[in-house]
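# Commentary on secondary and tertiary structure
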Amino acid sequence: MANLEINFAGIKSPNPFWLASGPPTNSGYQIMKAFDQGWGGAVWKTLGVPVINVSSRYGAINHRGSRVVGFNNIELITDRRLCDNLREMEEVKKYFPNHAVIASLMVQTKQEWHQIVNDVQNAGADGIELNFGCPHGMCERGMGSAVGQEPAILEMITRWVMEVAKIPVIVKLTPNISDITEPAQAARRAGANAISLINTIQSLVGVDIDNFVTYPVVENHSTNGGYCGPAVKPIAMNMVKNCAQHPLVQIPISGIGGIENWHDAVEFILLGASSVQVCTAAMHYGFGIIRDMTSGLEQYMDSHGFATIDQFVGKALPNVKHWEELNLKYSVKASIDEDKCIGCQLCYIACEDGAHQAIDLNEDKTIRTPRINEENCVGCNLCSLICPVENCITMVRKDDGTQHQTWKQRTDANNIPVTFDDDLAGGLGHTIPDPVKAFGKL
Amino acid sequence: MAEHRNPPKLQDADNRFAPIKPLMSNTMAYYESSRCLFCYDAPCTIACPTSIDIPLFIRQINNGNLTGAAKTIYQSNFLGNTCGKVCPTEVLCEGACVFNKMNIKPIDIGRLQNFATNSAILTRQKFFVVPEENGKSVAVIGAGPAGISCACQLRASGYMVDIYEARNNPSGLALHGIAPYKITNEEALMEVEFLREQFGFNVFYNTRIDSKEDIAVLEAKYDAFFLGIGLGSSTEIKIRGEGKPNCIGATEFIEEIKTRPVSTPIAKRVIVLGGGNTAMDAASECARLGAENVIVAYRRSQPEMKAYYFEYDLAKVAGVRGMFNLAPIEIVGENSAEGVKFIRTETVNGILKEIPGSDFVIACDLVIKATGQAKQTSLFANISGLTLDEAGRISVNGATGQTANPGYFAGGDAVNGGAEVVNAVAEGKLAGDGIHEYLSALI
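Residues numbered from 1 in each chain as written. Chains lettered and ligands numbered in written order. Predicted model: local features only at pLDDT ≥ 70, side-chain atom pairs only at ≥ 80, totals over all residues. Heavy atoms only, no water.

### Quick notes on the packing of aromatic side chains
Residues and elements named next belong to chain B. For the record, the criterion: Two aromatic rings, drawn from Phe, Tyr or Trp (for Trp, its six-membered ring), form a pair once their centres lie within 6.5 Å of each other, and the interplanar angle then sorts them: stacked below 30 degrees, edge-to-face above 60, tilted otherwise. Note on classification: 1.4 Å probe, protein chains only; a residue is buried when its accessible area is under 20% of the maximum for its type, exposed when over 50%, partly exposed between these limits. In this analysis the charged atom, NZ for Lys or CZ for Arg, is taken to sit over a ring once it is within 6 Å of the ring centre and within 35 degrees of the ring normal.
Summed over all chains, the structure comprises 27 aromatic pairs over all chains. With a centroid separation of 5.2 Å and an interplanar angle of 15°, the aromatic rings of Tyr308 and Phe310 are classed as stacked. Assessed through its relative accessible area of 23%, Tyr308 is described here as partly exposed. Among the residues examined, Phe310 registers a relative accessible area of 12% and is labelled buried. Clustering of aromatic rings is evident, with ring pairs tying together Tyr164, Phe204, Tyr222, Phe225 and Tyr408. Seen from the ring of Phe38, Arg59 lies directly overhead, with NZ or CZ sitting 5.1 Å from the centre. In this arrangement the basic side chain of Arg288 is found over the ring face of Tyr181, its NZ or CZ atom lying 4.1 Å from the centre.

Printed below as a string of structure tokens:
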């Protein structure tokens, strides 16, 4: 039976699922309720000098019947007094001594940092997360992502914290930067025990096209917010992978960004995260989703023979390579299962208009199952991705697996196209229809 | 035991005659339209007799362009709202939906269509700009779906169009012959008014065109003619006792109950003769009006019924009982029908045979004949050069709707022998183009 317990840079937790710093961790009440339902840890809504928030605060992207696939907020850090938060933190630790309570912090001066670190340590926090990520509001005041975007300043402030920290320190990174590994390395240099990422992505979630203002609307105006939710997961995973693979980072990573189920969590763990944090999904569905998350993770670990989380942290990392290292001789072609095909012909038009004209319709229009033209099929996956039927279109390997040739090898062997009209062009030999055949074709 | 009370109270009647395809809410329409796959060369569009670009209008609904969605519908089908309500979508667009192949509920196309068209009608959208009149005029006989559709198409090409209608209302069977839980008279009339406002055709009600003299007057005045006259009264079954006052035709019955107060008591025991959709409608309505015992009696077996399975289901749900392989041989009773004498039948080598000596009487208080409608042969005879097929239908060129008399075009039930409203709409529109082509070539 899988053991979900983790020891994340010295912070122990009954499972790797933590609530990320945000509205669900605004109070001791919410965190107690979450722990009671099975969450392993919680990163307290960022503490600092309390703010005054605006109304309204959130905006969302809905996509064809799915609500909140992307979420955007302009809420700031806690608007509650530090003394109230600390009192509740002590209370939570009294009831849940074995759960992870991490205090997210954001202040300005060295003196403030020293004081607040000591305060949360005294309140019983198990760890500290430095919020260097918030990309709206707080950054205008020189905090949040303003720090995360300047590795030197991030390093300096982290050093201030490390001077007084007696508990593990996690540096939370902003994705609003061209190379995420730079602030990650700075955190490592400053002696941080771990990093967490990503914070939200600077965003405008939508425009009110009748009143000419972006969302969320505050009277007649708006401002950029921070973007999160399921839509940001791919961006977050790439950044987690970049940090996990970097030789000068090599400290534990808490993965954040669009996680809403066990499958998402497994993906982050396979890319190097050893704990995961969730906020938007808890805001959308409530704390009850944890039951599905822990049950699914257990099931996954049992079916793959992983006894502990550690056994699969980063297990996918060796397989994420540079493009130039991929095998150019590997070849897959689409294959349509005629018994499963429902005849929507979306694969046909997707390939016809959006790819390589490698799917043909039957001349007999009453037969709606399209046919793959293997000569033109480049194995791009598009048809299999848009097909609405599970496992109807599969990509079948066609090469015999004996040959291996990468772009790097071809470059080294001077066997690559180098002129505009080079005969080594990869697309040479594909049948491209005559442009005039496009006229009048649906 | 009857399921319903006779006569129904007003609020009961509201429930029993509540629309079977009620108007969607914005939220329902959003979620339902989200499900559409946007198939290429979509089977739903292929299945639609008017070829509405269904995936397009559903996507327009989903993306918040309700007016655009209605425009897409009306460009293919002038009676988009009526058809959304009365079409047998289960065997047309929705029956063709690819989701059926996965045993997933097909997209609720009819109701989405109504969601868009209803909004356009209520907000009085104008989708069509009628060009200046081209100096030619066309007379349309019959203001049913075929005639209205033909008139709209002709107006869009600049013809002056007068519609002559024998009744005091437009819409033909959509108004008179379709059950009220499918479409109300208000809904049917609203759409015709919506069309008349933007197309500006003239309708002369209570004007039956029948005699040679009528025809001569019209021929002197108009350049071409469209016959959208539908079918006549219910056919006789030619059995003894058929003339009794409580032995009536189904279309006449449906027309009557659509106009009379629901509190009028209905007969306790009703026998409906026939196995088509009209028989189901009539039987279902009797049960909903509180008749205690409603039987649909069909002379062939159940699988041979012309009624769609969902229409029979709808009747059964209302409390109707189906009886099969029973041929009526006499309406019994002194002055009024007191029962129907049936004889059992069987099909031997594809031929329906009566089983001698198997006759028996089922008592009833009302007999409804739903065995088809007669052709309007009296008018046909007065138009020179028309040819009819062996079934008494007007013969036309399928591509243009032109009859054997080149100035006359036709469509709808008079041509197809009795099909759906949507077929009439398609044929009317086609004939509109046919007339335009014909008159343009005359110059």
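Back to the write-up after that little detour.
### Here we look at the sheet that holds strand S2 (residues 160–164) of chain B
Residues and elements named next belong to chain B. Stated formally: Two strands form a pair only when DSSP identifies at least two bridges running between them. Numbering of helices and strands starts at the N terminus; helices are DSSP runs of H or I of at least 4 residues and strands are runs of E of at least 2. Every axis corresponds to a line fitted to the C-alpha atoms, with the helix fit spanning only the stretch in contact, and the corresponding angles, defined between N-to-C directions, vary from 0 to 180 degrees. Residue contacts are counted whenever heavy atoms from the two residues lie within 4.5 Å of one another.
The strand order across the open sheet built from five strands is S3-S2-S1-S4-S14, with neighbouring strands paired in parallel fashion. One side of each edge strand has no neighbouring strand; the edge strands of this open sheet are strand S3 (202–204) and strand S14 (408–410). With strand direction ignored, the average angle separating the axes of adjacent strands in the sheet is 20°. Across the face of the sheet, helix H18 (residues 421–442) comes into contact with strand S1 (137–141), strand S4 (224–227) and S14 while running at roughly 165° to S4.

### Observations concerning helix H3 (residues 110–122) of chain A
Residues and elements named next belong to chain A. Using the following cut-off: Here a helix's expected span is defined as the number of its residues, less one, multiplied by 1.5 Å.
The first and last C-alpha atoms of H3 sit 18 Å apart over 13 residues, in line with the 18 Å expected at 1.5 Å per residue. For H3, every residue scored as buried is listed here: Trp113, His114, Ile116, Val117, Val120 and Gln121. Close packing links the buried residues of H3 with strand S4 (41–47), helix H2 (82–95), strand S7 (100–105), strand S8 (127–131) and helix H5 (151–164). Just beyond H3, the residue with positive phi is Gly124, at close to 100°.

### Concerning the sheet that holds strand S6 (residues 66–73) of chain A
All names here are of chain A. Strand order across the open sheet formed by four strands is S5-S6-S14-S11, with antiparallel pairing between neighbours. Since the sheet does not close on itself, it has two edges, and those belong to strand S5 (58–63) and strand S11 (201–203), each with one partner. Ignoring strand direction, the axes of neighbouring strands in this sheet form an average angle of 40°. Bridge count between S6 and strand S14 (residues 225–228): three bridges; the pairing is antiparallel.

### Topic: the pattern of salt bridges
All names here are of chain A. Applied cut-off: For this analysis, a salt bridge means a side-chain nitrogen from Lys or Arg found within 4 Å of a carboxyl oxygen belonging to Asp or Glu.
In the structure shown here, the tally under the stated rule is 33 salt bridges over all chains. Arg159 is paired through a salt bridge with Glu155; the nearest N and O atoms lie 2.7 Å apart. On the criterion of helical spacing, the pair formed by Arg159 and Glu155 is a turn pair, its members being four residues apart in helix H5. Taking the relative accessible area as the measure of exposure, Glu155 reaches 14% and is therefore buried. Ionic pairing is found between Lys340 and Asp337, a salt bridge with its closest N-O pair at 3.9 Å. For Lys340, a relative accessible area of 36% gives the class partly exposed. Counted as one network, the salt bridges with shared partners bring together Lys45, Arg57 and Glu75.

Interpretation note: all reported values are geometric properties and have no functional meaning in isolation.
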